[in-house]
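Understanding the architecture of this molecule
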Amino acid sequence: MKRIAIDMDEVMADLIPKHLQLYNENFGEALTLEDLHGRKLREVRPHAVEELRGYLSDPGFFRDLDVMEGAQDVIQELHEDHEIFITTAAMEFPTSFTAKYEWLKEHFSFLNDLNFVFCGDKGIINADYLIDDNARHFKRFEGTGLLFTSPHNVHVTGYERVDSWGDVREYFLK
Ligand SMILES: [Mg+2]
């Protein structure tokens, strides 16, 4: 059975709209997803890097993120004949552990707790595939990296890309 490791933020959980909304409210701006084409918010507004990190350090931030469209159906489908591990670099925001765990239990209750991997460096992950929006995690990963499209990574090349969970379904069915 092939093993698929799946990232949470911007792959399963829709993080950017909430992060952007908090920034806009606090700084009186009206940035949109278009403004984040090819860049992260902290690169677009480097003066706010502390505040942007602060929003993510709020213990409740990750609890009510929307599920990415199609993620539940496709992961449930893949779960039938693949070994699924959720691999999130949660060590980047240790205050997020409880919210991330509860979010997974709420939206992906068919997965076993023991298949949740709250990690730091994903280079340690041993899987056949890693679905992630950050290509840096593929550098030391020995399996196949699938880059999940997110506004910040639209210009990244050199990896197989999936634009949606529909694409993921197609990739693994072929
Ligand atoms: Mg991510």
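Computed from a predicted model, the values in this text were never measured in an experiment.

What counts and how
- Residues numbered from 1 in each chain as written.
- Predicted model: local features only at pLDDT ≥ 70, side-chain atom pairs only at ≥ 80, totals over all residues.
- Heavy atoms only, no water.
- Buried < 20%, exposed > 50% of the residue type's maximum accessible area, 1.4 Å probe, protein only.
- Helix = DSSP H or I, 4+ residues; strand = E, 2+ residues; numbered from the N terminus.
- Arc of directions from axis to C-beta.
- Contact = heavy atoms within 4.5 Å.
- UniProt positions renumbered as here; feature names shortened; annotations may be inferred.
- Core = buried A, V, L, I, M, F, W, Y, C linked by side-chain atoms within 4.5 Å.
- Domains from an automatic or database assignment.

Attention now moves to helix H5 (residues 97–107). Buried within H5 we find Ala99, Lys100, Trp103, Leu104 and His107. Along the long axis of H5, the arc covered by the buried residues comes to 135°, so they all point the same way. Contact partners of the buried residues in H5: strand E2 (13–14), strand E3 (66–67), helix H4 (71–79), strand E4 (83–88) and strand E5 (116–118).

Right, let's talk about the UniProt feature "active site" (unreviewed entry) in the protein for a bit. Mapped onto the present numbering, the UniProt feature "active site" (unreviewed entry) falls on Asp7 and Asp9. Within the fold, Asp7 resides in the loop between strand E1 (3–6) and E2. In this fold, Asp9 is placed in the loop between E1 and E2. The exposure class of Asp9 is buried, given its relative accessible area of 17%.

Turning to the nonpolar core, a few remarks are in order. Nonpolar side chains tend toward joint burial in soluble globular proteins. One finds Ile6, Met12, Ile131 and Trp165 to be the most contacted residues of the largest nonpolar core, which totals 44 residues. Two domains each provide a minimum of three residues to this core, namely domain 1 (3–14 + 64–173) and domain 2 (15–61). Apart from the residues within four sequence positions on either side, Met12 is in contact with Ile6, Asp7, Asp66, Val67, Met68, Ala71, Ile75, Ile86, Trp103, Leu104, Phe108 and Trp165. Of all hydrophobic cores here, the second largest spans nine residues; its members include Ile125, Ala127, Leu130 and Phe141.

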